[in-house]
Amino acid sequence: MELRSNAPEGPIETAWERHRFDMKLVNPANKRKFTVLVVGTGLAGGSAAATLAELGYNVKAFCFQDSPRRAHSIAAQGGINAAKNYQGDGDSIYRLFYDTVKGGDFRSRERNVYRLAQLSVEIIDQAAAQGVPFAREYGGLLANRSFGGAQVSRTFYARGQTGQQLLLGCYQALSRQIDAGNVEMHARTEMLELIVDNGRARGIVTRDLLTGKIDTHFGDAVILATGGYGNAYFLSTNAMGSNATAAWRAHRKGALFANPCYTQIHPTCIPVHGTHQSKLTLMSESLRNDGRVWVPKKKEDCGKDPRKIPESDRDYYLERKYPAFGNLVPRDIASRSAKEVCDEGRGVGPEVDGRRLGVYLDFADAIERLGEDAVRDRYGNLFEMYERITDENPYKTPMRIYPAVHYTMGGLWVDYNLQSTIPGLFVLGEANFSDHGANRLGASALMQGLADGYFVIPYTLGNYLGHHGREILANTVDASSASTKAAVGDVEARIEKLLGIGGKKSPDHFHRRLGQIMWDKCGMARNKAGLEEALVEIPKLREEFYSNLAVPGSGDDFNQTLVKATRVADFLEIGELMVRDALNREESAGGHFREEHQTPEGEARRDDENFTYVAAWEFNGVGVEPTLHKEQLEFEYVKLTQRSYK
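Residues numbered from 1 in each chain as written. Predicted model: local features only at pLDDT ≥ 70, side-chain atom pairs only at ≥ 80, totals over all residues. Heavy atoms only, no water.

Chemist: Looking at this structure, I do not really get the overall build of the chain. What am I missing?
Modeler: Counting its secondary structure elements, the chain contains 17 helices and 21 strands. The globule rule puts the C-alpha radius of gyration for 646 residues at 26 Å, and the 24 Å found for the chain is close to it. Across its three principal axes, the chain shows a C-alpha extent of roughly 75 × 60 × 50 Å. Taking all contacts inside the chain whose residues are at least 6 apart in sequence as the whole, residues at least 24 apart take part in 74%. Counting 79 positive and 84 negative side-chain charges, the chain places the averaged centre of each group 1 Å from the other. (Helix = DSSP H or I, 4+ residues; strand = E, 2+ residues; numbered from the N terminus. Rg over C-alpha atoms; globule rule 2.2 N^0.38 Å. Contact = heavy atoms within 4.5 Å. Lys, Arg positive; Asp, Glu negative; His and termini not counted. Charge placed at Lys NZ, Arg CZ, Asp CG, Glu CD.)

Chemist: I'm lost on the sheet that holds strand 8 (residues 214-218) in this one. Help?
Modeler: Sheet strands pair by backbone hydrogen bonding; their relative direction is either parallel or antiparallel. Overall, antiparallel pairing links the 3 strands, which are arranged 6-7-8 in an open sheet. The sheet is open, and its two borders are formed by strand 6 (189-197) and strand 8, each paired with just one other strand. Strand-to-strand, the axes of this sheet are offset by a mean angle of 30°, without reference to chain direction. With 8 bridges connecting them, strand 6 and strand 7 (residues 200-208) associate as antiparallel partners. Its bridge partner lying in strand 7, Thr189 is registered against Asp208. (Pairing = 2+ DSSP bridges. Axes fitted to C-alpha atoms, helices over the stretch in contact; angles between N-to-C directions.)

Chemist: Looking at this model, I keep getting lost on empty space enclosed by the protein. Mind explaining?
Modeler: Over the atoms a probe the size of a water molecule is rolled, and this reveals where empty space is left. Counted under the stated rule, the structure contains 9 cavities of 30 Å³ or more. Reported here for the largest cavity is a volume of approximately 150 Å³. For the largest cavity, the lining is made up of 15 residues, of which Glu573, Glu576, Gly621, Val624 and Pro626 are closest to its centre. When contributions to the lining of the largest cavity are tallied by element, the ones reaching two or more residues are helix 7 (245-252) and helix 16 (560-584). Broken down by element, the residue count for the lining of the largest cavity peaks at 4 residues, all from helix 16. Per-class residue counts for the lining of the largest cavity are 6 nonpolar, 4 polar and 5 charged. (1 Å grid on protein atoms, 1.4 Å probe; cavity = no way out; pocket = protein on both sides within 12 Å on 5 of 7 lines; lining within 4 Å. Points joined across faces, edges and corners; volume = space filled by probe spheres on them. Nonpolar A, V, L, I, M, F, W, Y, C, P; charged D, E, K, R; others polar.)

Chemist: Sorry if this is basic, but what is going on with helix 11 (residues 372-390) here?
Modeler: Because an α-helix packs 3.6 residues into every turn, residues spaced three or four apart end up facing the same way. Taking 1.5 Å of rise per residue, the 19 residues of helix 11 would be expected to cover 27 Å, yet its terminal C-alpha atoms sit only 20 Å apart, more than 12% below that figure. Along helix 11, the sharpest kink reaches roughly 85°, centred on Tyr379. What helix 11 keeps buried is the set Val375, Tyr379, Gly380, Asn381, Leu382, Phe383, Tyr386 and Thr390. Tucked into the core, helix 11 has its buried residues touching helix 10 (364-370) and strand 17 (399-408). (Expected span 1.5 Å × (residues − 1). Bend = angle between axes of the 7 residues up to and from the residue. Buried < 20%, exposed > 50% of the residue type's maximum accessible area, 1.4 Å probe, protein only.)

Chemist: Honestly, the side chain of Asn381 in this entry has me stumped. Any pointers?
Modeler: Mapping Asn381 onto the fold places it in helix 11. Taking relative accessible area as the criterion, Asn381 reaches 17% and is therefore assigned buried. Excluding its chain neighbours within four sequence positions, the residues that come into contact with Asn381 are Arg159, Gly160 and Gln161.

Chemist: Explain the layout of surface pockets here, please?
Modeler: Considering only enclosed or pocket space, the second largest pocket measures out at about 810 Å³ in volume. Around the second largest pocket, the lining comprises 35 residues; the ones closest to its centre are Val272, Leu357, Gln516, Trp519 and Asp520. Broken down by secondary-structure element, the contributors of at least two residues to the lining of the second largest pocket are helix 9 (331-343), strand 17 and helix 14 (507-521). At 7 residues, helix 14 tops the list of elements feeding residues into the lining of the second largest pocket. Residues belonging to the lining of the second largest pocket are distributed by class as follows: 17 nonpolar, 8 polar and 10 charged.

Chemist: Can you help me understand the packing of aromatic side chains in this one?
Modeler: Aromatic ring pairs: the centre-centre distance and the angle between the two ring planes describe each pair. For the coordinates displayed, the defined rule picks out 22 aromatic pairs. Judged by centre distance (4.8 Å) and plane angle (40°), the ring pair of Trp294 and Tyr360 falls under tilted. Here Trp294, found in strand 12 (residues 292-296), pairs with Tyr360, found in strand 16 (residues 359-362); they are 66 residues apart in sequence, far enough to count as distant. The same class applies to Trp294 and to Tyr360, which are both buried. Between Phe545 and Tyr546 the ring centres are 5.0 Å apart and the planes differ by 90°, which places this aromatic pair in the edge-to-face class. (Phe/Tyr/Trp six-rings, centres within 6.5 Å; stacked < 30°, edge-to-face > 60°.)

Chemist: It is not clear to me how the sheet that holds strand 19 (residues 425-427) should be interpreted in this structure. Could you clarify?
Modeler: Pairing in this open sheet of 5 strands is parallel, and the strands run 5-2-1-9-19 from one edge to the other. A single partner strand is all that each edge strand has here, and the edge strands are strand 5 (183-186) and strand 19. Pairwise comparison of adjacent strand axes, ignoring direction, gives a mean angle of 20° for this sheet. When strand 9 (residues 221-224) meets strand 19, the two strands line up parallel, connected through 3 bridges. When the bridges of strand 19 are listed, Ile223 appears paired with Phe426.

Chemist: Even after reading the chapter, I still don't get the pairing of strand 12, so can you show me in this structure?
Modeler: Remark: a regular strand shows side chains that alternate across the two faces of the sheet. In terms of burial, strand 12 is largely enclosed, as 4 of its 5 residues are buried. Note: strand 12 against strand 16, 3 bridges, orientation antiparallel. Among the inter-strand pairings, Trp294 is bridged to a residue of strand 16, identified as Tyr360. In the sheet, strand 12 pairs with strand 13 (residues 314-315) via 2 bridges, with the strands oriented antiparallel.

Chemist: Is there a simple way to explain unusual backbone geometry in this structure?
Modeler: For Asp391, which is not a glycine, the phi torsion comes out positive at approximately 60°. With respect to the element layout, Asp391 can be found in the loop between helix 11 and strand 17. The exposure class of Asp391 is exposed, given its relative accessible area of 69%.

What follows is the structure, given as structure tokens:
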């Protein structure tokens, strides 16, 4: 299979503009003939559904939450990047493009990233027009702050609630279209299968999470905007409901899965506090603007009150190792650095399983410099959240943080038009692999999701329907079609199998064990021996899952255990692919850190000669080795160099 990016050639600065002009259009009257299914209603899916409905398409939107307002995009805290250069500090579209490619350790497609940087400036105008209450300077201009991996201030924010406020703006636009009858909204509905007919994505099979009813929905194109697969690790900053079933079922139907080993470990999270914890809590990267990260220099000080440890006995290790960027190094570097000092025995906080897994994030200097009121204005809701969870006042004593699984850069492979290897299946936001390479810069997830939904898919979907619409409309797909019956049969058989196992262990039991394997052997650091062990352990765990799983009740009503079981079944397959991809990639790059491939200083060492490609995997069956396809990456505008933030 040849992977064609379909990215336009010629000068990168005008590529997207020329590509839009070359695309086919669908006239307003004809748009009403087409139905588009949008799965997921976070920032990417919600913005796509609202925009496509506004253009005149018939849209069906689906989410497993009780409302689109509950999408996980709401949890994003710190901000959204845009190259508006309000600060006059040297930012530009090209610099955002460069920082993103470099931050991703040179493992992303240049032309996708440049388009993202261009569209970033339009996103802010769109959101501000919707009433998103961005922070403003005294004179009225929108305020900016810094995030990791950049030396300019380009991050727009609404205190620590940026994702929530952007989602409410998007939800308003979506609600208007629902009220107008242009969007048919299906909440508490989960996609369990993709319907592919004559080689094209034409529908989905869903289950009503309240009644258990299996249903089918048909359209002329399907858009997946269902987020990432970070919950394969069990403990992560994702909502507990976040899952990868929709994307994985599409993968099993022929959509290639790209770069699954690229997992982002966020450095600024509340540490694990016990064995039976169900999730972890993110503390925004924006805190690293004013907070200083440190640990004691001496192991014997790790149990002391941090306020009684003098400056001379503190190791501000990020400032020491990376003087140019200091506490604002990219996430992968900050996370590995925290792991290193804790592995040395200099971690802080209470012991969990005999180890102290935490470092300090200290605001004492900022409070002394700016005053407590100024710090409260910037981060007040984050400080309040931290205190509620830990019962510690971060105004008086340093926060304790430690890395946690946060975001997945891998996802379904898409071309420049965001179309997967299944014609008619488009993938947006975190569900695709396209823009972040091996490491996502902070504040870029919201940027990509909204760029894809508001400004890319309306053009590229129209181009697809303009080329193939007549053929699609002539080939009706309905409940009687063979492809539909097969898809529904697969769903029913899968549910019946899970209900019929009759074992003794809950889905969470197996999920937690999978997460431990993934964290230990495919987490912040990986090595060949550990990955090979994981490839033995995960299939064994999957075999035990299908012999000893307990799912009480039936599939014909509200059954949360069944819902969890379907998701864990998919995570057991996804985890194996993640490990296989990590074993194949004999280099270190961004969030993928192979211990065998590092510089003498402990930094990631890439192998540009052999691994400058996107690894896109083809599903061949459960337990069968997948087929690797490669999209070679070309760098015309950014020179491949060893990343340095020193």
